[in-house]
Amino acid sequence: MTIKDLQPVAGNGLLHRRTLLRGALAGAMTGYTLVRTASAQKLADDPWSLQPGAAVPDYGMRSRFEKNVVRTLSNPNAEARTQHARTPHHLLNGTFTPNPLHFVISHSGDPDIDPDKHRLAIHGLVKQPLVFTLDALSRYPMVSRMSFIECGGNGAPLFSKEPIQADVQALHGLVSCSEWTGVSLSTLLDEAGIDPKAKWIIAEGADATHLSRSVPLTKALDDAMIALYQNGERLMPGNGYPMRLLLPGWEGNMNIKWVRRIQLAELPAMSFYEARTYTSILPTGKAYQFYFIQSEIVHYASFTRSRFEWSWSL
């Protein structure tokens, strides 16, 4: 068989558009309506077909020809500021984001946590404080949820004063989707015994900034999870290894990574990050706090309204 014997089609009998254009151009110049795109030649055996391939590794790696499918980094030199890694959605296909390409936001880098030494404490307004190791959590019944996690700042460039000329990675790279597997938080809280006075949980991470967020107890008892697996394997370091809080549908910053402490309390903590960073200043000068459900429009309408004095109708 030669290349001449093969039809230049895109599939299901559809002509490839380049073939059609080349044929039309040639027809205009020579009087023919269509020309072949390649001269007759034998199919060649490329070098990779003439010798054995590389050894199969113990942990699979992608093809070297996919080296450009990477996240964009806002702080590649790990300076003393927040780091962002944006997912290249335009180069992916499917619902789930590959673990190494899941977006990451880290305020103090990714901690190198020894899973055998990490502990999760549940305390505060409970009948009996509990401490869980990773091994102990692995013995509980597991649940899985297919869920997006999205940064509250995803899509922020769309609200710039002037139109932004950027690709989807720059505009929407702070959202990714995985199948998360772990232990329902309600199971652990039930074992600890909830004091009737408790109305909030305060979750804290084991990173250097000890980022913490206040979460209504109703959400914790609904679909919250202590996630241990991401798309079938242990969490990536940047996504909370060895365990993270998962709050499906709620802003990414509330899904505390590297979670080490859950305290039950009557009132929210008003912690540094939820009072300073994860809030919006309204035109009155007051802070709009405790919006939970992921909503770019509500979040950034209030943000841009105070920053650029735009008029929004919500």
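Worth saying up front: this structure is predicted, and the values here are computed from it rather than measured.

A count of helical and extended segments in the protein gives seven helices and 17 strands. Counting every position in the protein, which comprises 314 residues, the buried fraction comes to 39%. Partitioning the contacts of the protein with sequence separation of at least 6, the portion at a separation of at least 24 is 65%. A total of about 18,500 Å² of accessible surface is found on the protein, and carbon and sulfur atoms cover 55% of it.

Inspection of the secondary structure puts Lys219 in helix 5 (residues 217-220). A residue is classified by how much of its surface remains accessible, and Lys219, at 6% relative accessible area, is buried. Residues in contact with Lys219, not counting those within four places in the same chain, are Ala224, Leu247, Pro248 and Trp250. Of the polar contacts made by the side chain of Lys219, one reaches the backbone oxygen of Pro248; its length is 2.8 Å.

Right, let's talk about the sheet that holds strand 11 (residues 212-216) for a bit. Spatial strand order, 7-6-15-10-11: five strands in an open sheet with mixed pairing. Here the strands that pair on one side only, and so sit at the sheet edges, are strand 7 (130-132) and strand 11. Averaged over neighbouring strand pairs, the angle between their axes works out to 20° when direction is ignored. In terms of strand pairing, strand 6 (residues 120-124) meets strand 7 through three bridges, oriented antiparallel. Within strand 7, the position partnered with Leu120 by the bridge is Phe132.

Next up on the list: the packing of aromatic side chains. The final tally for this structure, using the stated rule, is five aromatic pairs. For the pair Phe132 and Tyr140, a centre-to-centre distance of 5.9 Å together with 70° between the ring planes defines the contact as edge-to-face. A relative accessible area of 18% means that Tyr140 is categorised as buried. Here a set of aromatic residues connected by ring pairs shows up, and it is made of Trp200, Trp250 and Phe292. Geometry around Trp180 places Arg244 over its ring, the cationic atom sitting 5.4 Å from the centre.

A few words now on the pattern of salt bridges. One pass over the structure, following the stated rule, counts seven salt bridges. One salt-bridge network, held together by shared partners, links Glu204, Arg260 and Arg261.

To continue, consider the nonpolar core. Residues Ile226 and Ile262 are the most contacted members of the largest nonpolar core, which totals 36 residues. Those elements that place two or more of their residues in this core are strand 6, strand 7, helix 2 (134-137), helix 4 (185-192), strand 10 (200-205), helix 5, strand 12 (225-230) and strand 15 (259-265). The greatest single-element share of this core, amounting to four residues, is contributed by helix 4. Ignoring sequence-local partners within four residues, the contact set of Ile226 consists of Leu120, Leu137, Gly182, Val183, Leu185, Leu188, Met243, Arg244, Leu245, Val259 and Ile262. Judged by nonpolar contacts, the second largest core, of 10 residues, contains Phe103, Ile149, Trp180 and Leu235.

Conventions and cut-offs
- Residues numbered from 1 in each chain as written.
- Predicted model: local features only at pLDDT ≥ 70, side-chain atom pairs only at ≥ 80, totals over all residues.
- Heavy atoms only, no water.
- Helix = DSSP H or I, 4+ residues; strand = E, 2+ residues; numbered from the N terminus.
- Buried < 20%, exposed > 50% of the residue type's maximum accessible area, 1.4 Å probe, protein only.
- Contact = heavy atoms within 4.5 Å.
- Areas by Shrake-Rupley, 256 points an atom, 1.4 Å probe, with all protein chains shown as cover.
- Polar contact = N/O pair within 3.5 Å; in protein donor to acceptor, adjacent residues only side chain to side chain.
- Pairing = 2+ DSSP bridges.
- Axes fitted to C-alpha atoms, helices over the stretch in contact; angles between N-to-C directions.
- Phe/Tyr/Trp six-rings, centres within 6.5 Å; stacked < 30°, edge-to-face > 60°.
- Lys NZ or Arg CZ within 6 Å of the ring centre and 35° of its normal.
- Salt bridge = Lys/Arg side-chain N within 4 Å of Asp/Glu carboxyl O.
- Core = buried A, V, L, I, M, F, W, Y, C linked by side-chain atoms within 4.5 Å.

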